[in-house]
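Letter by letter, the chains look like this.
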Amino acid sequence: MIASARPHKGASIRLDAVDFDFGDMAMHFDLVVEPSTIAAIIGPSGSGKSTLLNLIAGFEIAKTGRVLIDDTDMTDAAPALRPVSMVFQDNNLFAHLDVASNVGLGRSPNLKLSEADHAAISEAIRKVGLAGKEKRKPEALSGGERQRVAIARALVRNRPVLLLDEAFASLGPALRHEMLDLVGELQTETGMTVMMVTHHPDDALRLPSMLFFLENGKIAASGPAKEMLSDKGPALLRKYLGAKDSAL
Amino acid sequence: MAAVRSLKPLAGALALAFLVVLAGGALLSLATEALRGSTEGFAAFDSYLWQIARFTLLQALLSMVLSVTLAIPLAHALHAHPAFPGRAMILRLFALPLALPALVAVLGITTIYGRNGLLAAVLKAAGFDVTPNIYGLTGILIAHVFFNLPLATRLMLSSLDSIPEDYWKLSSQLGMGGWARFRLIEWPVILRNLSGIAGLIFMLCITSFTIVLTLGGGPRATTLEVAIYQSLHFDFDIARAVSLTLLQLCLTIAVLLLLSRTGRPAEEAFSLNTVTQRFDRPSSGAKFAHGMLILAALIFVGLPIAGTVVSGLAADLSRILTEPLVWRAILTSLILGAGAAAFSLVVSLGLVMAREYLATARRYAPRSAFERALDLGASLIMVVPPIVIGAGWFILSRHFVDPFSLAPIMVVSVNAAMAIPFAFRILRPSWDTAASRHNRLCSQLGIAGWNRFRLIDWPVIKRPLGAAFAFAMALSLGDLGTIALFGNNSIQTLPYLLLQRMASYRTEDAAGLALILGLLCLGLMIVADRGASSLEKIR
């Protein structure tokens with residue numbers, strides 16, 4: 001599989017003049033994310049943040065243009081064949097399967113698992129801090145714990161790109177920061193490339209990241225998050241941050 | 001997602017093919033027959049035929065008007081008294097007629113209003129010298145109201161329950177009286193659903209077979225469905241059967257077109273209604289009137305059910321249950337019922353899976369003709385009534401085989417088709433919700449095909465499947481229409497045997513059999529109801 005060929009290394013992501021029609025809105029994306037970096041995507045709702053991730057993950061197919069991951073053309077590849085794991089805001093887990101099985105599906109889509117698989121699964125569950133909760137069903141977990149399971153599954157899948165689609169948006173501030181720190185640690189350890197869509201600009205500051213600001217289906221501004229979110233950032237972005245900016 | 005090929009559209013196409021062949025074959029047979037014997041067939045549109053058509057419409061209209069007008073005050077009374085003693089029990093009782101096979105209910109009704117019924121006994125004891133005669137329009141109306149008054153009441157009650165609590169708070173604050181509340185708050189909601197409820201009941205009464213067959217009084221009180229059955233089963237008058245069937249089909253389609261303009265009643269949940277807090281204090285006069293109304297309805301619905309049980313228990317059950325013929329009928333009913341239920345689930349699941357797959361794949365594009373056909377297919381049986389399908393295949397098959405030898409196939413196919421609209425409605429929400437949660441995840445993790453069905457879909461769909469199976473089997477078990485047409489001495493279901501015993505005036509046997517049949521259907525309905533209401537909770 002693609003993933004196992006390049007373990008513990010990030011892949012570059014490139015969208016090359018990608019056009020996509022979202023209902024009436026014509027979207028256009030041109031972007032490069034360097035291997036083993038973190039990219040944060042912010043912008044008003046409906047600006048195309050989730051669509052951008054869906055194009056990379058293969059849930060949406062570009063009308064024209066190319067999607068390259070690790071310099072390989074993935075424009076039309078099926079989601080399961082892309083070197084990508086994605087964590088959604090909710091519904092990351094199958095409600096009728098326990099934690100270990102939900103993570104195990106990352107190893108084998110028919111849940112036929114080898115000894116090595118079981119070991120990897122336990123290790124991933126331990127890494128996200130859920131050791132001892134392997135047999136729990138999702139209903140017996142808190143919101144944060146459920147997202148940890150999804151991250152553990154991404155770990156056992158061992159793909160070089162991790163996409164977070166507002167994965168922590170439904171968590172409280174403290175828990176969100178905790179999860180971001182966990183992602184930061186795992187990113188440092190595995191070197192995977194992370195792209196995250198977020199509503200909170202300070203998420204981008206918590207981890208050293210590149211910031212992409214989306215508006216009306218286009219990337220309106222991009223650059224290192226620290227610069228972009230400072231007083232010297234683009235006027236466009238300061239306007240979007242608005243009240244928050246003046247409160248700071 | 002687009003790259004993964006799926007067998008789901010094929011499953012949907014096969015399901016649709018079954019329905020099209022079933023209905024299309026019958027219609028084709030009727031059309032050729034009508035063209036072949038055209039002069040004879042259309043000459044049959046004589047005054048007798050028109051009389052039957054008129055009576056069909058008249059009895060349906062009267063049944064509908066009676067059910068709906070009685071249901072309005074009854075629903076109001078039940079809604080106004082959330083704490084009425086035994087209210088939950090009453091609502092549960094009101095769900096019973098729906099679960100009861102028509103034949104069982106007819107027997108129950110005769111134990112009360114019949115020549116030797118409770119009413120006759122009471123009248124005699126009071127010194128009146130009248131013998132009630134329920135055969136004819138009176139009996140048909142009593143039976144139709146027995147079935148449809150509770151249905152209309154439950155539908156109206158659930159629309160009343162949809163009124164936001166704030167309205168009641170507000171009306172209480174503004175000091176509205178009972179009449180003002182009814183006029184300003186309840187009536188508009190009832191009115192919105194009235195045409196749908198009335199249309200549904202009208203439709204049910206137009207296609208009512210068993211009740212008219214058993215309670216109709218000869219040629220003066222007969223409907224198209226019963227006339228079709230008689231002309232095929234007794235007179236073997238094909239030309240007449242063809243013209244009757246075509247007339248029935250036109251009538252059904254006309255009513256459906258009318259219905260599509262009025263809209264459907266709000267979907268009623270399987271579970272019991274919740275109790276709304278109304279923040280008012282009805283006057284003691286209103287309380288009394290409401291109480292009497294509820295009590296009267298309780299007696300009207302409860303007595304025939306009690307009658308079934310009492311006369312069934314009075315029958316010599318131990319002897320009935322030693323008859324090999326009875327056991328064979330029970331076994332035949334169970335096998336055919338299970339077959340019909342399994343078949344209806346396979347077809348419904350095929351339709352549900354295919355339409356969800358297509359809906360997901362097309363994204364924002366408009367629905368394709370195929371997807372629309374899948375939706376329509378689920379309710380095909382509403383347009384082409386079972387008796388039309390039965391009659392069509394009966395007429396067609398006689399050129400090739402003895403129609404009566406087709407009994408098992410026809411009972412399973414037609415009963416399966418009858419259950420499809422219900423099975424589709426039980427399965428689709430569960431399937432669609434699960435699919436919307438799981439599709440992206442499965443395509444990312446590469447879970448597809450058999451793996452997906454085994455690991456992901458089956459655990460989600462097995463409960464709704466169980467509920468739909470029980471429902472479909474109960475429906476098939478109680479159905480008399482198709483077996484009445486095709487039944488014979490070598491293949492008899494429980495309702496068929498029951499009908500024979502009634503026809504030969506073996507009343508006691510019939511009462512015992514009715515109790516057995518009623519309990520079987522009721523048991524299955526309870527299973528279905530439990531299953532479906534536990535789904536509501538999960539969702």
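Everything numeric here is computed off the predicted structure, so don't read it as measured data.

Enquirer: What am I meant to see in the interface of chain B and chain A here?
Expert: On the side of chain A, 27 residues touch chain B, which itself brings 20 residues to the contact. Buried surface at the junction of chain B and chain A, summed over both partners, amounts to about 2,100 Å²; 59% is from carbon and sulfur atoms. Scanning the region where chain B abuts chain A turns up 0 salt bridges. The interface formed by chain B and chain A includes 7 residue pairs in polar contact (both at pLDDT 80 or more). Mapped onto the side of chain B that touches chain A, the elements with two or more residues apiece are α19 (407–445) and α20 (449–478) of chain B. A per-element tally of the side of chain B that touches chain A places α19(B) first, with 8 residues.

Enquirer: Which parts of the structure should I look at to understand the domain arrangement of chain A?
Expert: Interface extent is often summarised as the accessible area lost during association of the parts. Residues and elements named next belong to chain A. Here the domain parsing of chain A yields domain 1 (2–83 + 161–247) and domain 2 (98–158). A separation of 25 Å is found between the C-alpha centroids of domain 1 and domain 2. If you look at the interface, domain 1 gives 16 residues, while domain 2 gives 11 residues. The interface formed by domain 1 and domain 2 includes 2 salt bridges. The salt bridge partner of Lys127 is Glu189, with a shortest N-O separation of 2.6 Å. The tally of links from domain 1 across to domain 2 stands at 3 residue pairs in polar contact (both at pLDDT 80 or more). Per-element tally for the side of domain 1 that touches domain 2: the top contributor is helix α6 (residues 173–190), with 8 residues. Residue composition of the side of domain 1 that touches domain 2, grouped by class: 12 nonpolar, 2 polar and 2 charged.

Enquirer: Quick question: what am I supposed to make of the domain arrangement of chain B here?
Expert: All names here are of chain B. If you check the domain split of chain B, you get domain 1 (8–41 + 317–539) and domain 2 (44–305). A C-alpha centroid distance of 25 Å is found between domain 1 and domain 2. Contacts between the two partners involve 43 residues from domain 1 and, on the opposite side, 38 residues from domain 2. For the pair domain 1 and domain 2, the two sides together bury roughly 3,300 Å², of which 80% comes from carbon and sulfur. Taken together, domain 1 and domain 2 are joined by 0 salt bridges. Per-element accounting of the side of domain 1 that touches domain 2 gives the leading share, 12 residues, to helix α23 (residues 507–538). In terms of residue class, the side of domain 1 that touches domain 2 is built from 31 nonpolar, 6 polar and 6 charged.

Enquirer: Would you take a moment to explain the pattern of salt bridges for this structure?
Expert: When charged atoms on two side chains of opposite charge get close, those side chains can pair. Per the stated rule, a full pass over the model turns up 25 salt bridges over all chains. The partner of Arg66(A) in a salt bridge is Asp16(A), with the nearest N and O atoms 3.6 Å apart. Note that Arg66(A) is positioned in strand β4 (residues 64–69) and Asp16(A) in strand β1 (residues 13–22), a separation of 50 residues in sequence. Taking the relative accessible area as the measure of exposure, Arg66(A) reaches 37% and is therefore partly exposed. According to the relative accessible area criterion, Asp16(A) is partly exposed, its value standing at 26%. Across the salt bridge formed by Arg148(A) and Glu178(A), the nearest N and O atoms sit 2.8 Å from each other. Note that Arg148(A) is positioned in helix α5 (residues 143–157) and Glu178(A) in helix α6, a separation of 30 residues in sequence. Each member of the salt-bridge network shares a partner with another, and the members are Asp316(B), Arg319(B), Glu323(B), Arg501(B), Arg506(B) and Asp509(B).

Enquirer: Would you mind going over the environment of Ala143(B) with me for this structure?
Expert: Residues and elements named next belong to chain B. For Ala143, the location among the structural elements is in helix α7 (residues 137–161). Owing to a relative accessible area of 0%, Ala143 belongs among the buried residues under this scheme. For Ala143 and Ala341, which are 198 residues apart along the polypeptide, the C-alpha to C-alpha distance reads 27 Å.

Enquirer: Could you clarify how one ought to interpret the side chain of Ser67(B) in this entry?
Expert: Residues and elements named next belong to chain B. As for its placement among the helices and strands, Ser67 is situated in helix α3 (residues 47–80). Of the residues examined, Ser67 reaches a relative accessible area of 0% and is grouped as buried. A polar contact is formed between the side chain of Ser67 and the backbone oxygen of Ser63, at a distance of 2.7 Å. Discounting residues that sit within four places of it in the chain, Ser67 has contacts with His144, Val145, Asn148, Leu149, Ala152 and Ile201.

Enquirer: What is the right way to look at the packing of aromatic side chains in this model?
Expert: This model, assessed by the stated rule, comprises 14 aromatic pairs over all chains. Ring centres of Phe213(A) and Tyr240(A) lie 5.3 Å apart, and the angle between their planes is 45°; on these two criteria the pair is classed as tilted. Placement of the pair is Phe213(A) in strand β9 (residues 210–215) and Tyr240(A) in helix α9 (residues 235–247), with a sequence separation of 27 residues. Of the residues examined, Phe213(A) reaches a relative accessible area of 0% and is grouped as buried. For Tyr240(A), a relative accessible area of 28% gives the class partly exposed. Here the aromatic cluster, defined as three or more aromatic residues joined through ring pairs, consists of Phe236(B), Phe394(B), Phe404(B) and Phe486(B). The ring of Phe59(A) has Arg440(B) lying over it, and the distance from NZ or CZ to the ring centre is 5.5 Å.

Conventions used here
- Residues numbered from 1 in each chain as written.
- Chains lettered and ligands numbered in written order.
- Predicted model: local features only at pLDDT ≥ 70, side-chain atom pairs only at ≥ 80, totals over all residues.
- Heavy atoms only, no water.
- Contact = heavy atoms within 4.5 Å.
- Buried area = accessible area lost by both parts, 1.4 Å probe.
- Salt bridge = Lys/Arg side-chain N within 4 Å of Asp/Glu carboxyl O.
- Polar contact = N/O pair within 3.5 Å; in protein donor to acceptor, adjacent residues only side chain to side chain.
- Helix = DSSP H or I, 4+ residues; strand = E, 2+ residues; numbered from the N terminus.
- Domains from an automatic or database assignment.
- Nonpolar A, V, L, I, M, F, W, Y, C, P; charged D, E, K, R; others polar.
- Buried < 20%, exposed > 50% of the residue type's maximum accessible area, 1.4 Å probe, protein only.
- Phe/Tyr/Trp six-rings, centres within 6.5 Å; stacked < 30°, edge-to-face > 60°.
- Lys NZ or Arg CZ within 6 Å of the ring centre and 35° of its normal.

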